[in-house]
Amino acid sequence: MVRRSVGNVLVPKLDVLLEENERVALLRSEARRGLLSRPKALPPKWFYDARGSTLFEAITRLPEYYLTRREREILDARAGEIARRTRAATLIELGAGSAEKTRVLLNALAEARTLNRFVPFDVCVPAVHDTAAAIRGEYPGLDVHGVVGDFQRHVEVLPRPALAGGPRLIAFLGSTIGNLDAAERAHFFTALRRILAPGDFFLLGADLVKDKARLDAAYNDAAGVTVQFNKNVLRVLNRDLDAAFDESRFDHVAGYDPARQLVDIRLRARVSHVVPVRGLDLMVAFSAGEEMRTEISTKFTRAGLERALVAASFQPAEFWTDGAGDFSLSLWSA
Ligand code: SAH
Ligand code: AVI
């Protein structure tokens, strides 16, 4: 991979698989498709500019948003076991964000003395940059190699085993897998399985099906942070596609659908209006009450996860939950 610079600053060990012009081209094509489809829909990866990533971090601290705390509880209990079982030399984290919880794994792998490389991979440039810098400072001697890319497109070019060899552990935490639909998940698992070598492991964090009241609360927090997070995609379109969305003309709508086992997250137009999207040369009409999907957050069962991963030829290794059975962490091998 070619080492490139971000802005004018040469960043050591940062691979950019999605350059700024390619990111905007991808946004342009996905936004055009989504704004012209019925119902309108935008892919959730566009939430995450610097502000969106900061808002997500705020969500993880909300009382209603149990996911991050539950996953951390499992990591605290199982990181030693994961380190001993995987003996990972390289930890690659997809959708790493701030890699807050990943420290638990890094500590266990450091203690097992197997780890020499950490690869935070994310679509959000500031997240990769800041996380790589922070981890480099906290773990002297660890080779930290940030990658900016789209895990739905670039799994095939994930770093190969280091020259010195050693197993890779690919972590995908936080239930970000739930933000993909079933077809996208199947494609992702298949692409990932293809690059997994014997001895490598995949560690998946996935939120579990539970009662509607708790899920509705987790995605409709009293402080309104999720509203700001959801509407952030409109700011991204305004800035990067020269659009003129007015946030105050939309309401945040999120609700768990037990039949489809997912939280459906939308923006609903309060009034009928037309939004210019100059970067796409489009005038986008919204009728009063029209909803545009911005995200799904799928909830899983153990059996459903096993079916999907076994269908992609993964072998189950471990399946853990927190004490309350809210969240799962599972380990898979090639
Ligand atoms: N893993 C962290 C962050 C989860 S938030 C945690 O568990 O708390 C989801 C993260 O995935 C964000 O940092 C976002 O930028 C990243 N992301 C979303 N879609 C992506 C994509 N298609 N490719 C790469 N990163 C993506
Ligand atoms: C990143 N992802 C797993 C979060 C979720 O719970 O689906 C994103 C999120 N959307 C609203 N709140 C949090």
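Everything below is about the structure printed above this text.
Computed from a predicted structure; not experimentally measured.

**Student:** Any chance you could explain the site of ligand 2 here in plain terms?
**Tutor:** Around ligand 2 sit 13 residues in total, of which Tyr65, Asn179, Tyr219, Glu295 and Ser297 are the nearest. Ser297 is positioned such that a nitrogen or oxygen atom in its side chain is 2.6 Å from an oxygen atom of ligand 2. Look at ligand 2: alone it shows 340 Å² of surface, and the protein chains cover 98% of it. For the shell around ligand 2, the secondary structure elements donating two or more residues are α2 (50-60), α8 (225-240) and β12 (291-298). Of the residues assigned to the shell around ligand 2, the class counts are 6 nonpolar, 6 polar and 1 charged.

**Student:** Hey, could you run me through the packing of helix α1 (residues 20-36) against α8 in this one?
**Tutor:** If you want to describe how two helices pack, look at the angle between their axes and the distance between the axes. At a minimum axis distance of 11 Å, the contact between α1 and α8 shows a crossing angle of 115 degrees. For the crossing formed where α1 meets α8, the hand is left-handed. For the pair α1 and α8, the contacting residues are Arg23, Val24, Leu27 and Ala31 in the first and Val236, Leu237 and Asp240 in the second. Among the residues forming the contact of α1 with α8, the class breakdown is 5 nonpolar, no polar and 2 charged.

**Student:** Just to check I follow, could you spell out helix α5 (residues 125-138) for this structure?
**Tutor:** Think of an α-helix as 3.6 residues a turn; residues three or four steps apart then line up on the same face. Between its terminal C-alpha atoms α5 stretches 20 Å, which fits the 20 Å expected from 14 residues at 1.5 Å a residue. Here the buried face of α5 lies against β1 (14-16), α2, α4 (102-111), β3 (117-122), β4 (143-144) and β5 (146-148).

**Student:** What should I look at first to understand the packing of aromatic side chains in this one?
**Tutor:** Aromatic ring pairs are reported here in terms of the distance separating the ring centres and the angle at which the planes meet. Here the structure, examined in full by the defined rule, presents 17 aromatic pairs. Centre to centre, the rings of Phe47 and Tyr48 are 6.1 Å apart; their planes meet at 85 degrees, and the pair counts as edge-to-face. Under the relative-accessibility criterion, Tyr48 is labelled partly exposed at 23%. Their ring planes at 55 degrees and their centres at 6.1 Å tell us that Phe245 and Phe250 sit as a pair that is tilted. A relative accessible area of 6% places Phe245 in the buried class. Pairwise contacts between aromatic rings join Phe47, Tyr48, Phe56, Tyr65, Tyr219 and Phe229 into one cluster. Just above the ring of Phe286 sits the side chain of Lys40; from NZ or CZ to the centre is 4.6 Å. The side chain of Arg214 reaches across the aromatic face of Tyr66, ending 4.9 Å from its centre.

**Student:** Can you walk me through the pairing of strand β10 (residues 273-277) in this structure?
**Tutor:** Residues in a regular strand point their side chains to alternate faces of the sheet. Side-chain alternation along β10 places His273, Val275 and Val277 on a buried face and Val274 and Pro276 on a face that remains uncovered. Across 5 bridges, β10 lies against strand β11 (residues 282-286) in antiparallel orientation. Bridge pairing links Pro276 to Met283 in β11. Here β10 folds back onto β11, and the loop between the two strands holds 4 residues, one of which, Asp281, carries a positive phi near 55 degrees.

Procedures and definitions
- Residues numbered from 1 in each chain as written.
- Chains lettered and ligands numbered in written order.
- Predicted model: local features only at pLDDT ≥ 70, side-chain atom pairs only at ≥ 80, totals over all residues.
- Heavy atoms only, no water.
- Near = heavy atom within 4 Å.
- Polar contact = N/O pair within 3.5 Å; in protein donor to acceptor, adjacent residues only side chain to side chain.
- Areas by Shrake-Rupley, 256 points an atom, 1.4 Å probe, with all protein chains shown as cover.
- Helix = DSSP H or I, 4+ residues; strand = E, 2+ residues; numbered from the N terminus.
- Nonpolar A, V, L, I, M, F, W, Y, C, P; charged D, E, K, R; others polar.
- Axes fitted to C-alpha atoms, helices over the stretch in contact; angles between N-to-C directions.
- Left-handed = near helix turned anticlockwise from the far one by under 90°.
- Contact = heavy atoms within 4.5 Å.
- Expected span 1.5 Å × (residues − 1).
- Phe/Tyr/Trp six-rings, centres within 6.5 Å; stacked < 30°, edge-to-face > 60°.
- Buried < 20%, exposed > 50% of the residue type's maximum accessible area, 1.4 Å probe, protein only.
- Lys NZ or Arg CZ within 6 Å of the ring centre and 35° of its normal.
- Pairing = 2+ DSSP bridges.

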